[in-house]
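Report on the structure
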Amino acid sequence: MAADAAKVTLLVFAAALAQVTVFASMALLGGSPDLLLVTLVAIALLRGAITGAAAGFAAGLLVDTANLETLGLTSLVLSVAGYWTGRYGETSGRVARRANERGSQALAAVQPSRNLGAHAPLMAVLVVTALYSVAAYALHFVLGDHVSARLVLLDALLPAILWNLLLTVPVYAVVRRVLPLPMAADRAREVNLVA
Amino acid sequence: VPRDRTVRLAVLGSSVQRPHPQKLSARTGPALRRRIVMGCLVLLSLVLITAYFREPADGGLHAAQGAGASALRPFQVGIERVVRPFRDAWGWFDGLLEAKADNERLVEELTALRQELAQNKAASQQNAHLRQQLGIDAPPRFDLVPAVILSHAAKQFEQEVVVSVGSDDGVEVNDPVVTAKGLVGRVVHVTSGTARVTLLTDESTYVSAEDADTGAKGLVGAGRAGSGSLVLDMVDKRFEVADGDTVVTSGSRRGEEPSLYPRGIPIGEVSSVGRSDTEIYMQIQVRPFVDFGSLDAVTVLASKERNGG
């Protein structure tokens, strides 16, 4: 558990620093990729809603600190994004598992991504990128910042979604390697007992 | 139909084991925990936003943020150093494509600039002489504080960067920020070791500027959102502004008051001029000299007078 938390912390820290230092300055086709958001989606899909929300909150604090922005602003949006993605992973995994092997709900709660389809990370990134942009725009608007709706919702959103989708496959593979699924260990134990 | 109690009893009174309903704790425990954690995080975020907004710039949260930013600085500088060769290589290949056309244009410009230089030297001497005669104060002198870009705003609509110098280096809020090519923006927030700079392309930034060729004065602000271009606004139609004219800071706000930006910092060149009968002012598009998308190092102009220089 502690090793898992350390790995998540390390992933979030590295992704947040890479995002604010490198990726945020890359304007490609009018939008920039969001490594942090994609990493957060992968973590939340693999570890569930609570870890997703906590990771989002920590990532937001890091970004706001590094950018000297209003503290809590990015945390709010990213923790909701992590929570929603985690729930998506849990519920999708549970439905699929029920259909396949009628697994218990308790198992579903701790192993959200075992039965996720290959499309799930892409779908989650697609939806979360769009919602994240809208939520960030709304928050900045409420706080009185000068924000162009056309830039956020038309010009930059589609390229951002495209770049994030392109990032999803490699990032999800890396995160999945760093955070292996807990089910695999359980299954191995079961095999040993039977043997 | 007569009641058959025996049959009823046989069914109701039997010791058939009914499935027990699932315990509430198993079903609601994780869900409840999840909601509590999420609620706490949202609440904490809202408290942070409110407290940060309400406290003064030297408050506890701002100080903690400054300390955090200083702690993150070595990591960011490290990443920047690792990435710079790749960024430079990308810039080199990108620039190579335009190099030939640029070369021809630059040779022409060099010839013209040499002639201007000779004229400007004479004008500069004359200017100093006349200022002395009229008793006008010398323009403020600045300490040049070099800085690297530590981070870029998380969202594209935030045209801001964080630089690696702060109040410990003599930097203060409203100090102009430049590169060798021209004006970048101004400092809006300072910690001991870092400073946040709002770029010229931000919609909240306006700079008093003038056309260096015609003397037409106006305000430079952000152009169409996301385009990276600028607009020179409030310019009277009587001026003959033309494509290719150089736009520089005017050093004063509407004539008298000194601007935050010293006079003569290049901003960009006029890329198009529009005139319509219905508009009071001209619509002038300006192509900035600074490439805001590939900023990696800047210079902050810190006032020498303020710093006791």
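Higher on the page you've got the structure.
Rules used in this analysis
- Residues numbered from 1 in each chain as written.
- Chains lettered and ligands numbered in written order.
- Predicted model: local features only at pLDDT ≥ 70, side-chain atom pairs only at ≥ 80, totals over all residues.
- Heavy atoms only, no water.
- Pairing = 2+ DSSP bridges.
- Helix = DSSP H or I, 4+ residues; strand = E, 2+ residues; numbered from the N terminus.
- Axes fitted to C-alpha atoms, helices over the stretch in contact; angles between N-to-C directions.
- Expected span 1.5 Å × (residues − 1).
- Bend = angle between axes of the 7 residues up to and from the residue.
- Buried < 20%, exposed > 50% of the residue type's maximum accessible area, 1.4 Å probe, protein only.
- Core = buried A, V, L, I, M, F, W, Y, C linked by side-chain atoms within 4.5 Å.
- Contact = heavy atoms within 4.5 Å.
- Buried area = accessible area lost by both parts, 1.4 Å probe.
- Salt bridge = Lys/Arg side-chain N within 4 Å of Asp/Glu carboxyl O.
- Phe/Tyr/Trp six-rings, centres within 6.5 Å; stacked < 30°, edge-to-face > 60°.

Our next topic: the sheet that holds strand β8 (residues 230-233) of chain B. All names here are of chain B. In spatial order, the strands read β6-β7-β8-β13-β12-β9; together these six strands close into a barrel with antiparallel pairing. Sheet twist, expressed as the average angle between the axes of neighbouring strands with direction ignored, equals 40°. Relative to strand β7 (residues 217-222), strand β6 (residues 206-211) runs antiparallel, the two being bridged by five bridges. Along β7, the bridge assignment pairs Y206 with G221.

Time to look at helix α3 (residues 60-134) of chain B. All names here are of chain B. Given a rise of 1.5 Å per residue, 75 residues ought to cover 111 Å, yet the end C-alpha atoms of α3 are separated by just 49 Å, more than 12% below that figure. The largest bend in α3 comes to about 55°, at A99. Restricting attention to buried positions, one finds in α3 the residues H62, Q65, G66, A69, L72, Q76, E80, V83 and R87.

Within a regular strand, side chains alternate between the sheet's two faces. Residue and element names in this part refer to chain B. Summarising the sheet, strand β3 (residues 176-178) and strand β4 (residues 183-190) pair through three bridges and their orientation is antiparallel. Of the residues in β4, the one forming a bridge with V177 is G185. Taken together, β3 and the strand that follows it, β4, pair antiparallel across an intervening segment of four residues. Connecting the antiparallel pair β4 and strand β5 (residues 195-199) is a turn made up of four residues.

Core analysis: the largest hydrophobic core is formed by 42 residues, its most contacted members being V12, L35, L36, I43, L78 and V175 of chain A. Sorting the residues of this core by element identifies α1 (2-21), α2 (35-47), α3 (49-66), α4 (73-101), α6 (119-142) and α8 (157-178) of chain A together with α3 of chain B as the ones contributing at least two each. No other element matches α2 of chain A, which puts ten residues into this core. V12 of chain A has contacts with L36, I43, A55, A59 and L62 of chain A, leaving out every residue within four places of it along the chain. Core analysis: the second largest hydrophobic core is formed by 40 residues, V177, L200, V241 and L301 of chain B among them.

Time to look at the interface of chain A and chain B. Taken together, the contacts link 52 residues of chain A with 50 residues of chain B. Taken together, both faces of the contact between chain A and chain B bury some 4,500 Å²; the carbon and sulfur share is 67%. Between chain A and chain B we count one salt bridge in total. Across the pair E90 of chain A and R34 of chain B runs a salt bridge, and its minimum N-O distance is 3.4 Å.

This structure, assessed with the given rule, holds three aromatic pairs over all chains. Pairing F13 of chain A with F75 of chain B gives two aromatic rings, centres 5.2 Å apart and planes at 85°, and the pair type is edge-to-face. Here F75 of chain B lies in helix α3 and F13 of chain A lies in helix α1, a pairing that spans two chains. Here the aromatic rings of W84 of chain A and Y88 of chain A are separated by 5.6 Å at their centres, their planes lie at 0°, and the arrangement is stacked. With W84 of chain A and Y88 of chain A both in helix α4 and four residues apart, the pair spans about one turn of that helix. The class for W84 of chain A is partly exposed, based on a relative accessible area of 35%. Residue Y88 of chain A is classed as buried on the basis of its relative accessible area, which comes to 17%.

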